[in-house]
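Examination of the molecular architecture
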Amino acid sequence: MRITKNFFFSFIFLFVFLTFLKVDFRFTDNIYCCSDDFDYYMHAETISQDFDFDYSNQLKGLETKRFNKNNKPAPIGYVGTGILAAPFMFIGGMVDKFSSSSGIMNYKFLIYSISPIFYLSASYILLIKSLNILNFKFDNLKFLIFFLGSGVTYYAFERFSMTHSYEFFTTSLLIYSCAKYYEKSNLNNRYAILIPIAIFFGLATRWTNYFLLIIPIIFKLILKSDKKLIINPYFVLTSVASLSTFLYLSYAIYGVISLDPRTSYQVSSSVVEIAQIQVNKNIYIEYFDRIINIFVTKEFGIIYFMPILSFTLFITIFLIFKNILTKNKFDKAGLYYLIACFQPLLIVAIWRSTGSAYGFRYLLTLYPLSIIFYFYLKKHYRLFFIDKVIIIFSILSILSLLFFETTPDTQLSLERIYNSFGKYTRYTQPNYLLGLFKSFIIFDSYLKIFTTSFFGAICFKFLIVVFGKNNLIDLLGNFGLPTSNPDFIIYLENLELISVDKFIFLILFGLSIYIYMLKNLVKNN
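What comes next concerns the included structure. (Residues numbered from 1 in each chain as written. Predicted model: local features only at pLDDT ≥ 70, side-chain atom pairs only at ≥ 80, totals over all residues. Heavy atoms only, no water.)

A complete count under the given rule lists 1 disulfide for this structure. What pairs with C33 in a disulfide is C34, and their sulfur atoms sit 1.5 Å apart. Handedness of the C33-C34 disulfide follows from its S-S torsion of about 65°: it is right-handed. A residue is classified by how much of its surface remains accessible, and C34, at 37% relative accessible area, is partly exposed. Left unpaired, C341 is separated from the closest cysteine sulfur, that of C178, by 15 Å. Residue C341 is classed as buried on the basis of its relative accessible area of 0%. (Disulfide = S-S within 2.5 Å. Buried < 20%, exposed > 50% of the residue type's maximum accessible area, 1.4 Å probe, protein only.)

This is the structure we're talking about:
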């Protein structure tokens, strides 16, 4: 009975895993210039294959397309993602050499593409362990829904070469390190070493994630610890080493020693100019309106698609004002949490964009902290009704990932239109929320979900092996399916070229993630 139950749950996990795992950016052999995805791929490639920061191999013939100063070409994107992904690309390259694999979805590319899934799974475990250290009670299934309701899985299961799964991981690693360090029973200094390392990777992944510096303060207040991290010699020495490494990487990649995030983008405009700040009485109203828009816009409003973040912010603001008015004890942890969240929120308000992809992607790095802080609030206050609302919106957010770009109403515009901030730009969908509900009742949405998923790809690959591509096209045509569609023909041709072992590898990887998560799952109190 136990074996049957374990087999059933593993099958369900594998089905969901392969349904969310998308072929769109994986049915290729490389990532080509020029995009953010390309930048991070270049970092991983030069580290894993050339063991240097000379990008002449990666940018041959494209020297002026990305960063270029004093004849030194480099990616625009930051290096942290490349450092974390490089071991996976190295392993993939070694597998290719021994297996003579090449072409579409070679192992170098395939294993690189699953690295963010590994880091996302590690984030899940780190956050569960952190909740247990903090003695916050939680339900495993509810926590999983909260975790997946962030939208970050899009950047692991589809846009795998973007930074956000890695940012999620570095924030989770920092949270776990701080929880362990400030834990009263812990006298081990390894976490004083790990904290600056986690901050280093977080900032190297995105130079503007300054809010990470506040997280140790938040956990010191939550755990009411007397430990002084700032004078810990292990922390100080590792911080100096981390800062030195960061500056070295800046010089090695861009030819200048810099902490300024504008460096890689070769931007000379001041912060005031970038923010389009004018000294007048309306500036505060304008930015307040932009912040409100982030919450309620139908274009990925965070109330609907990042519920833990939005509701935790609302609750914290309400409690702080309530305590001020009633002159109760002031919650400093809540204040520092708001300060930490304000920095990425302000960046989004300055750019007036969701980020030209799925959701408010620049806010995803806050989500691990918001999950922890929500359970901190839940421990001290009754949030039963809000808990239910967050569950509902988290489920909506999870479904949104599946239905993203399945219909014209859920696709980002390739032409310039006005987004919900009033900015004339491409890659936006100001009515995404309404389009999402419409897509639920359109049959083609489900057909596209199936076809673009690896679950669908494996099914079609099996049919190709059994019947052959041409016979399969005829067979599907007999059922009235649009087999003459050029995109579908290319899809089948790609499947025919990809060897069966790649699909077996993904199935085994999915099962490994399932086992890894089960074995490391810490039972809550």
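Put simply, helix α14 (residues 307–326) and helix α15 (residues 332–351) touch, their axes get as near as 10 Å, and they point 135° apart. Taken together, the axis directions place α14 and α15 in an arrangement best described as oblique. Crossing handedness for the pair α14 and α15: left-handed. Contact with α14, carried on its side by L309, T312, L313, T316, I317 and I320, involves G334, L335, Y337, L338, C341 and L345 of α15 and no other residues of that element. (Axes fitted to C-alpha atoms, helices over the stretch in contact; angles between N-to-C directions. Helix = DSSP H or I, 4+ residues; strand = E, 2+ residues; numbered from the N terminus. Parallel < 35°, antiparallel > 145°, perpendicular 65-115°, else oblique. Left-handed = near helix turned anticlockwise from the far one by under 90°. Contact = heavy atoms within 4.5 Å.)

Our next topic: the pattern of salt bridges. In total, this model carries 12 salt bridges according to the counting rule given. Here D36 makes a salt bridge to R361, at a shortest N to O gap of 3.5 Å. Highlighted residues: D36 in helix α2 (residues 36–50) and R361 in the loop between α15 and α16 (367–380), separated in sequence by 325 residues. Under the relative-accessibility criterion, D36 is labelled partly exposed at 25%. Its salt-bridge partner being D260, residue R262 comes within 2.7 Å of it at the nearest N-O pair. The class for D260 is partly exposed, based on a relative accessible area of 28%. Connected through salt bridges with shared partners, the residues K142, K378 and D387 form a single ionic network. (Salt bridge = Lys/Arg side-chain N within 4 Å of Asp/Glu carboxyl O.)

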